[in-house]
Amino acid sequence: QLLVKTLGASYQWEVAVVKFFSSLPEEHRYKLRASIYDRFFESTPAGQEYFKQSDTRLHFIVEKVFSFSQDIYSEPWQIIDDLSALGLRHVGYGVPTDMFAPFVNACVDVIREATEDSVALEGFKWSLGIVSKQLVRTVAEGSTIVMKAVNANSRKMLQRAISCAPRGQRFQWLLKVQVGTQSISPLYWAIQSGNLAAAEAIMQDLLVLRADRERYYYGNDALFERHQDIINCLCREAPMLIPILLDGLIWRSPRTEKGLRRVNYYVKHLIVNQEGEPAEFLREICSTKDPKIMVHPVVVTVSDTLWNGLVRNHFLLSRLWFLVSLLVFMLSECILPKERALEGVYSVRVVVFFGRTFMYVVTMARLLTRLFWKGCKDLRRGKYKKVLRCIPLPKSLHNAMALGNLTLAVLLLLMFCYEPMYHCLASAPEEWPTYYCDDVEDLRWTYSALGLLAMAVHWFLMVDLAVFSTGLSAFVLVCAQVLSEIGRFLVALVFLLLTFGSAISVLEHPYFEMRDIPSSVLCLFSITILLYEDDYRTLMEEPALLTAVLLFVLASSILLMNLLIAQLNSSYVYIYQDMVGFARLNRAQKIVEALSNFNRRHFANFVASLGFDQPVEFNQGDVGVAGGLQLTEPASAHVVLQDSILRFGGSCSAELEWPEETKRSEDKDQLGKVESLAKKLLRRVTQEVKTKGGRGGSNLGSGRQGSKETSESHHASEASGVED
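On a predicted model such as this, the values are computed, not experimentally measured, just so you know.

Undergrad: Help me get a handle on the packing of helix α25 (residues 483-506) against helix α27 (residues 543-576), residues and values and all.
TA: Relative orientation and spacing of two packed helices are given, respectively, by the angle between their axes and the distance between those axes. Interaxial distance between α25 and α27 falls to 10 Å at its minimum, and their mutual angle equals 175°. In terms of axis orientation, α25 runs roughly antiparallel to α27.

Undergrad: An account of the pattern of salt bridges is needed here, citing residue identities and associated values.
TA: The full count for this structure, using the stated rule, is 23 salt bridges. Measuring nitrogen to oxygen at the nearest pair gives 2.7 Å for the salt bridge that ties E63 to R33. Of this pair, E63 sits in helix α4 (residues 55-74) while R33 sits in helix α3 (residues 26-43), placing them 30 residues apart in sequence. For E485, the salt bridge identified is with R488, shortest N-O distance 3.2 Å.

Undergrad: Tell me about the side chain of R167, and name the residues and values.
TA: When you line up the elements, R167 lands in the loop between α9 (155-162) and α10 (170-175). Judged by its relative accessible area of 2%, R167 is buried. Within the local environment of R167, its side chain forms a polar contact with the backbone oxygen of S653, the two atoms lying 3.4 Å apart. With residues near it in sequence (within four places) discarded, R167 still touches D212, Y217, S651, C652, S653, A654, L656, E657, W658 and P659.

Undergrad: If you had to explain the pairing of strand β5 (residues 250-257) to someone new, which residues and values would you point to?
TA: One ladder, built from five bridges, connects β5 with strand β6 (residues 260-265); its direction is antiparallel. The partner of T256 across the bridge, within β6, is R261. Remark: two residues form the turn of the hairpin made by β5 and β6, two consecutive strands paired antiparallel; K258 in that turn has positive phi of roughly 55°.

Undergrad: Can you break down helix α29 (residues 600-610) residue by residue, with the values?
TA: One turn of an α-helix holds 3.6 residues; hence residues three or four places apart share an orientation. Regarding α29, the residues found buried are F603, F606, V607 and L610. When α29 is viewed along its axis, its buried side chains cluster within an angular range of 100° and face the same direction. Exposed and facing more than 90 degrees away from the buried side of α29 are R601, A608 and S609. Lining the buried residues of α29 we find α16 (268-271), α19 (297-335), α28 (579-595) and β11 (629-634). Capping the start of α29, N599 holds a side-chain oxygen 2.8 Å from the backbone nitrogen of R601, two or three residues further along. In the segment just after α29, G611 is the residue with positive phi, at about 70°.

Rules behind the numbers
Residues numbered from 1 in each chain as written. Predicted model: local features only at pLDDT ≥ 70, side-chain atom pairs only at ≥ 80, totals over all residues. Heavy atoms only, no water. Axes fitted to C-alpha atoms, helices over the stretch in contact; angles between N-to-C directions. Helix = DSSP H or I, 4+ residues; strand = E, 2+ residues; numbered from the N terminus. Parallel < 35°, antiparallel > 145°, perpendicular 65-115°, else oblique. Salt bridge = Lys/Arg side-chain N within 4 Å of Asp/Glu carboxyl O. Buried < 20%, exposed > 50% of the residue type's maximum accessible area, 1.4 Å probe, protein only. Polar contact = N/O pair within 3.5 Å; in protein donor to acceptor, adjacent residues only side chain to side chain. Contact = heavy atoms within 4.5 Å. Pairing = 2+ DSSP bridges. Arc of directions from axis to C-beta.

So, in structure tokens, the structure goes:
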């Protein structure tokens with residue numbers, strides 16, 4: 001009867017519903033939306049607890065209801081998929097299905113009062129009923145016991161819920177709730193909704209190694225196959241859960257052999273993704289800028305594996321040209337031209353000419369080409385930051401090394417313009433090659449100053465090679481971190497120099513070295529750095545000048561210098577705690593930069609050499625799961641008293657749940673309760689002992705005072721008896 005009643009009527013209903021809503025002005029629609037909420041809250045007061053958003057958000061929700069009621073006629077399959085996704089979000093919100101029927105009734109009642117078109121009303125009622133039933137069905141099917149535990153943010157509820165899962169489907173329960181074509185992840189929902197206790201419990205349960213006699217169960221592969229961007233999600237929304245995830249990727253043997261312990265690091269998905277490309281793990285970890293997480297054993301293992309097996313040689317080869325360039329630069333600028341005995345040797349001048357040409361043609365051209373290519377690439381992708389609100393600065397120039405390369409390229413370009421050997425070729429070709437001719441006398445000093453700066457920058461860029469040694473890199477980073485303290489000291493010193501220099505230049509005195517402001521500032525600065533050769537006794541005849549100089553020495557050499565030492569000491573102590581972490585962060589950034597331009601075939605060969613497809617042993621003869629690297633560590637590095645693998649006997653069927661998991665968790669909860677009760681009891685006993693001790697002390701004091709008074713009265717009575 002229902003099919004006969006509605007068959008063929010959908011077209012008429014669609015036309016009427018669309019016509020009704022399209023004819024409504026915005027003011028009338030606003031009143032309809034407000035009336036729906038008034039009617040709904042009047043009939044169902046409990047619904048106000050689920051509609052606590054802003055007024056604009058509430059009106060947006062009702063407008064989507066109107067849109068669904070129209071679009072379900074024209075695009076039913078798409079709308080059903082959208083409603084499934086919306087229903088799964090309502091599962092996460094914890095909305096009860098009892099709220100849908102009153103809301104639909106409120107909508108229908110308001111529309112009934114707003115129109116006299118019975119066809120439009122019937123069509124709206126029918127379409128809204130379909131929408132409501134689809135949402136109710138999705139919420140009912142998606143409200144699993146795991147999702148209810150996640151919404152309650154209860155670790156205990158989650159453990160009880162997942163204990164019912166068959167061991168073969170346990171990971172599926174924690175990672176995917178499927179309704180129709182749409183799905184939701186309990187783990188992701190717990191992270192995004194802020195239920196971090198439930199998210200922590202899910203990750204710990206996934207990354208626990210369980211075993212029966214036939215197979216091992218480990219959720220590492222299931223987690224990363226379902227959520228390839230789990231590291232990105234944790235770095236953005238829950239960085240405190242990153243150590244929980246990384247700890248679950250480590251297995252340590254409780255047995256030791258010759259002072260060493262086996263350690264398995266299951267880092268396959270942290271090195272290579274499912275497409276065979278480098279994983280984004282290190283890039284995301286570097287984005288946190290957290291030095292403490294960089295020294296985690298898993299991060300250290302991934303970083304060292306990529307560095308030693310793939311990136312180190314590539315990085316060294318990429319810096320080899322820089323070493324050659326520096327050597328050629330020194331020969332052609334600092335060594336050969338400065339040897340007086342070699343000035344007249346023709347072959348030496350030819351070597352100098354070709355060395356300088358090499359610097360301009362190879363080093364300068366390579367730097368400018370690479371910087372230009374990377375800058376254009378960043379500008380096309382929109383990766384830039386505006387300087388002075390108008391100059392776009394590409395992302396590739398946001399670090400000190402890139403700016404150093406740009407500075408070196410510009411200095412070499414200026415040196416090329418002032419190169420004496422090229423100018424002498426035009427003015428004195430008969431004496432060429434030479435760097436001494438009459439036309440270049442005015443250019444020689446400028447060229448030498450540019451060479452000084454270029455040589456200093458070239459050596460500064462060699463600091464990048466410190467990444468090969470973690471200790472040396474840590475020292476370099478510490479030096480870079482304390483530069484801010486030195487900058488503040490220099491600002492204060494410049495202020496004192498200008499203050500006392502201008503004050504001394506006002507004073508009438510015969511001392512020639514402090515005749516004006518520049519001379520006074522230079523003289524005072526020489527006194528500060530202990531390069532001034534004169535003596536204070538030459539100022540004895542000018543007490544005012546001597547007083548000003550002594551006050552400056554007191555403020556600069558005693559106050560500022562000692563304050564700088566104290567600041568540097570404090571900064572070093574603070575940075576030293578995370579010094580290794582900063583060094584490993586620097587190396588990880590180099591690895592990420594190298595992997596972005598690495599040959600895919602070489603990377604595939606490197607991954608194949610790691611043998612991630614081969615199972616890794618736990619103890620001798622105990623073949624475990626694949627996807628890991630087995631290393632050894634000193635037995636004293638970590639205390640392992642019990643094997644972290646949970647082993648179970650009985651049937652090995654994947655359809656059965658783990659038999660003792662609930663009992664173990666309950667035992668842990670009971671131990672936790674006993675421990676908390678013991679702490680409370682100890683605290684209460686301690687407080688009572690302190691209270692009784694205070695009262696006993698006061699009673700004892702009063703007793704002593706009373707006995708003293710009694711003895712005094714007794715002696716007084718004896719004295720009076722003697723007198724009598």
